[in-house]
Amino acid sequence: MWRSLLLKGTTCLLQVAARRLPHKRHLSSLCVRLLSQRLPHRPPKSLCGPQLLGRDGFLSTSWTRAYKKDDKSNVEFPTSPITVTDIKQYLRSKDIPFHDGYSCLHIQSIFVNALDRKDNFSLFIDKTTGQFLCKDTLVEGSWEDLQDCLEVMQKEEQDYLSPDVLLGYPESVEEQDERERELREVQRIWSSSVPFNDLHEDEVQLIKTMFQITKVSNATLKKFGVRVFKPTKSLVFPWFGGPDSSLKGVKLLSAQHRTDTEKVTYNEATVPKSNSYNNLFGLPLVGRMDSEVVLTGQEVDTLAVSQATGLPSVALPRGVSCLPPILLPYLEQFKRVTLWLGDDIRSWEASKIFSRKLGLRRCSLVRPGEYRPCPVEALAQGKNFSQIIKSSIPAAHKSIVSFKQLREDVYGELLNTDQVAGVKWTRFPELSRILKGHRKGELTVFTGPTGSGKTTFISELALDLCMQGVNTLWGSFEINNVRLAKIMLTQFAMQRLEENLEQYDFWADKFEELPLYFMTFHGQQNIKAVLDTMQHAVYMYDINHVIIDNLQFMMGQENLSVDKFAVQDHIIGAFRKFATNSSCHVTLIIHPRKEEDDRELQIASIFGSAKASQEADNVLILQEKKLVTCPGRRSLQVTKNRFDGDVGIFPLDFIKSSLTFATPLKGKQKLRRVNTKPEEDEAASAPVKKEEGKKEKAAKTAKTPRAVKDPATGNESKQKES
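Criteria and cut-off values
- Residues numbered from 1 in each chain as written.
- Predicted model: local features only at pLDDT ≥ 70, side-chain atom pairs only at ≥ 80, totals over all residues.
- Heavy atoms only, no water.
- Helix = DSSP H or I, 4+ residues; strand = E, 2+ residues; numbered from the N terminus.
- Buried < 20%, exposed > 50% of the residue type's maximum accessible area, 1.4 Å probe, protein only.
- Contact = heavy atoms within 4.5 Å.
- Areas by Shrake-Rupley, 256 points an atom, 1.4 Å probe, with all protein chains shown as cover.
- Core = buried A, V, L, I, M, F, W, Y, C linked by side-chain atoms within 4.5 Å.
- Phe/Tyr/Trp six-rings, centres within 6.5 Å; stacked < 30°, edge-to-face > 60°.
- Pairing = 2+ DSSP bridges.
- Axes fitted to C-alpha atoms, helices over the stretch in contact; angles between N-to-C directions.
- pLDDT = per-residue confidence, 0-100.
- Salt bridge = Lys/Arg side-chain N within 4 Å of Asp/Glu carboxyl O.

1. Some remarks on the overall build of the chain
Scanning the chain for helices and strands turns up 21 helices and 30 strands. Taking all 722 residues of the chain together, 51% fall into the buried category. Of the contacts formed within the chain by residues at least 6 apart in sequence, a portion of 65% connects residues at least 24 apart. In the form shown here, the chain has an accessible surface area of approximately 35,500 Å², with 52% of it arising from carbon and sulfur atoms.

2. Some points on the nonpolar core
L339, L358, M534, I543, V546, I548 and F575 are the most contacted members of the largest nonpolar core, which has 67 residues in total. Ranked by residue count, the leading element in this core is helix α18 (residues 527-541), at nine residues. Setting aside its immediate chain neighbours within four residues, I548 contacts G475, F477, M519, V530, M534, M554, F575, T587, L588 and I589.

3. A look at the packing of aromatic side chains
Summed over all chains, the structure comprises 18 aromatic pairs. An angle of 15 degrees between the planes, with centres 6.1 Å apart, marks the rings of F111 and F132 as stacked. Taken together, the residues F111 in the loop between β6 (104-107) and α3 (114-117) and F132 in strand β8 (residues 132-134) connect sequence positions 21 residues apart. F132 matches F111 in its accessibility class, with the two residues each being buried. Here F457 and F661 contribute two aromatic rings whose centre-to-centre distance is 5.4 Å and whose plane-to-plane angle is 80 degrees, an arrangement assigned as edge-to-face. Of the two residues, F457 is situated in helix α15 (residues 454-466) and F661 in strand β28 (residues 660-662); the sequence distance between them amounts to 204 residues. Both residues of the pair, F457 and F661, belong to the buried class.

4. Here's the deal with the environment of V647
Positionally, V647 belongs in the loop between β26 (633-641) and β27 (648-655). C-alpha of V647 to C-alpha of L620: the two residues are 27 residues apart in sequence and 9.7 Å apart in space.

5. Looking at the sheet that holds β6
The five strands lie next to each other as β5-β6-β7-β8-β9, forming an open sheet whose pairing is antiparallel. Of all the strands in the sheet, the pair left with one neighbour each is β5 (99-100) and β9 (140-141). Note: β8 against β9, two bridges, orientation antiparallel. Paired with L133 across the bridge in β9 is E140. Along the sheet face, helix α2 (residues 84-93) touches β5, β6 and β7 (123-126) and points at about 10 degrees away from the line of β6.

6. Considering the confidence of the model for the chain
Within the chain, residue pLDDT values average 80, and 77% of them lie at 70 or more. Per-element confidence in the chain is highest for strand β15 (residues 292-296), whose mean pLDDT is 97, and lowest for strand β2 (residues 13-17), whose mean pLDDT is 30. Long-range and interchain partners of residues 676-689, a stretch whose pLDDT sits below 50, account for one contact in this model, where long-range means more than four residues apart. Segment residues 699-722 is flagged for pLDDT under 50; beyond a separation of four residues in sequence, or across chains, it makes 18 contacts in the model.

7. Quick word on the pattern of salt bridges
Counted according to the given criterion, the structure contains 24 salt bridges. Two residues, D418 and K424, come together in a salt bridge whose shortest N-O distance is 3.2 Å. K424 gets classed as partly exposed once you look at its relative accessible area, which sits at 27%. For R642, the salt bridge is made with D617, and the minimal N-O distance between the two is 3.3 Å. In this pair, R642 sits in the loop between β26 and β27 while D617 sits in the loop between α20 (611-615) and β25 (618-625), placing the two residues 25 residues apart along the sequence. Judged by relative accessible area, R642 falls into the partly exposed class, the value being 44%. D617 gets classed as buried once you look at its relative accessible area, which sits at 8%. Several salt bridges share partner residues, and in doing so they unite K88, D100 and K127 into one network.

Shown next, in the form of structure tokens:
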């Protein structure tokens, strides 16, 4: 767990691993002395998260805090995770009054002068992670950091601490240049953009038509500070935040018209980058006494809700893909939160996941439907917003329901069959044809012969989904993260970057934007530690897909006296429960039993008992037919598909230069049905096949095609003999 220790008399916060107890804390005199000093006033730097170091990890809302991300995000969980009970007990032991909020505990800020605090409980402690944020000073840190500060205040008998006590690592020259460059870019875009009031009326109507916001008034656009950036024909949404409400970033929204429908597709670009863009658009317009808010997935939807209802409305910075926990303190004041994130199945699923973070008892969800489109479309169609919000359903549900409560869900799945099927693979269309898509809450078991390329294939499979916005967590216990990231980067660039090093930064920058995270585990691991990390990652980053490579690395840590098959069954059951409860897809790689080289693998070839195939929703097998003179032929076989029952097999070609697998383009490949009982089926169909073989042989004897070369073109054609 991250511990706050000051080294060599500097103001740099050193993070090291150490187990800590909530009530027994011993700080060195050097630590106490340095912490209590009035440090030179300077802007606070970034604080790395206590458990998760990643793209979206505890990023500050102040531009004075920079965050330098690693090559890829690493996910790590503390040895003793904190609980809300531990936090409450510690606060009571220090006689610190607190309010029990929906997702945070509220205490008076220790970074504000006691005379200025009054009854302002402005320091928020996340109930799940212990991460804290002071809204008055924008100081943030881990639960251990807060404990250190409280211990120092008690020992030194101080009323408050300077916000500069908690400082991160000093910025490098590159980090300072990058931050200053982003600030200059924000100011350039904002100063070059034009308010709607300064545009000609014809130009205003043209822009509104382009973005399909014709019903949004100029007064609403002015109220929210929306502008137009003419060079890229984009709407500019500002990010104002901090105690001084200064400009911290912008989001550029461009519109692209779709040919198949009349709707437009919005493309977003943020400055700074999306991993540090934590703007709740519309938050500066929310009053201190407001107790109700409508959360939307896009800024244009917030404009529509505010204009139609007058209710406070804010837009999530990353839409339906993620709700960063660092934003939860800004939503604590609301007693009722209505989530109206969009009009598709994905937004509906995101609403249910986000409501768990926000607190189920105060959340209501607007169910997508024909009469409940997204807010901007509802405004264009003249829908009754008050009625839609009033008809939203509570997020909390009972353990027993009747069909009356399920009726709308069933209708929604029948109406949106393609969306219910999940995210389609773009690199593997044949897999999408069989499985129909990648769905949340499912467990996929994947196996294949040793050395056949299981990790390489599954990394491309996961990369395909990640490139479409599926938040992905990799748990690679077999190969280290550097090698895995190298493989995925090569697959992403579709070329060997060793031969094109001048392109590395270009592809690395693009790869860095993917919602991809890695566990820091390697080698044999305990199943509880892995599950805790997965659960924490789901809370922090809204992970939708977890890959575990592989199951056997978690069996060595268990009790050796217990039967290994019973241990495996326990682990598989734990992953099954996690996938269902967390609404997260888990892909589990399992090595097969030892089989003869000339035999194809079957479901029974999966190592262990039958529980793996029974619990799994999908079973995929990477088949390899070994050849002596050339590389083996590979194919992917789907032997179980609980969604609609379709199974089949299709060939794969391995492209060594890009480490990718592709479906061969030579002819149209047909899916081959896989028999569940091959011995019985072969025995039953033997007489029929024999009779069909005789007829086919007789037909070939009667008419044999021969090749005839066209003298004009030189091409051969088939001609039948009469």
